[in-house]
Amino acid sequence: QVQLVESGGGSVQPGGSLRLSCAAAGSVFAILRAAWYRSAPDKQRELVAEITGDTSTYFADSVKGRFTISRDNDKKTIYLQMNKLKPEDSAVYYCNAHIQGINDYGEVSDLKDYWGQGSMVTVSA
């Protein structure tokens, strides 16, 4: 019933910026924790940013100071603002969230883990 729909990926030159969006579609009651992961060729999936509640955040050392994660509770959307992008940031980025949904009986469901479809980010001259 709940789906995470990503948008905002694309190609950018080194030093440029992109903003990824992850919209929780469906009967969503609350997003308790959300994160962005990335996967590059020949590399293990990496946690790059995480937000719990509205303000508690975590960033990987490789992106600290360049990336920010935020949320819009009205739109049920998680954002990843990426600045000063480097070629090594090129990867497929996945949104991940723990979400309480609303079932067809109108009751709040238990927490479930959801993943977005992935967004390609390419940083090259």
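Here the structure is shown first, and the text comes after it.
Cut-offs used in this document
- Residues numbered from 1 in each chain as written.
- Predicted model: local features only at pLDDT ≥ 70, side-chain atom pairs only at ≥ 80, totals over all residues.
- Heavy atoms only, no water.
- Core = buried A, V, L, I, M, F, W, Y, C linked by side-chain atoms within 4.5 Å.
- Buried < 20%, exposed > 50% of the residue type's maximum accessible area, 1.4 Å probe, protein only.
- Helix = DSSP H or I, 4+ residues; strand = E, 2+ residues; numbered from the N terminus.
- Contact = heavy atoms within 4.5 Å.
- Salt bridge = Lys/Arg side-chain N within 4 Å of Asp/Glu carboxyl O.

Participant: In this structure, what is going on with the nonpolar core? I would like to understand it.
Facilitator: Soluble globular proteins tend to bury their nonpolar side chains together. Of all hydrophobic cores here, the largest spans 32 residues; its most connected members are Trp36, Leu80, Met82, Tyr93 and Ile99. For this core, the secondary structure elements donating two or more residues are β3 (18–25), β4 (28–39), β5 (46–52), β7 (67–72), β8 (77–82), β9 (91–102) and β11 (119–123). Element by element, the count of residues in this core is highest for β9, at five residues. Filtering out sequence-adjacent residues up to four positions away, Ile99 remains in contact with Val2, Leu4, Ala24, Val28, Ala30, Ile31, Asp110, Leu111, Lys112 and Tyr114.

Participant: Honestly, the pattern of salt bridges in this entry has me stumped. Any pointers?
Facilitator: A side chain of one charge can pair with a side chain of the opposite charge when the charged atoms of the two come close. One pass over the structure, following the stated rule, counts six salt bridges. A salt bridge links Arg38 to Asp89, with the nearest nitrogen and oxygen atoms 3.0 Å apart. Of this pair, Arg38 sits in strand β4 while Asp89 sits in the loop between β8 and β9, and the two are 51 residues apart along the sequence. We classify Asp89 as buried; its relative accessible area is 1%. The partner of Arg66 in a salt bridge is Asp89, and the shortest N-O contact between them spans 2.7 Å. Of this pair, Arg66 sits in the loop between β6 (56–59) and β7 while Asp89 sits in the loop between β8 and β9, and the two are 23 residues apart along the sequence. Neither residue differs from the other here; Arg66 and Asp89 are each classed as buried. Residues joined in a network through salt bridges with shared partners are Arg38, Glu46, Arg66 and Asp89.

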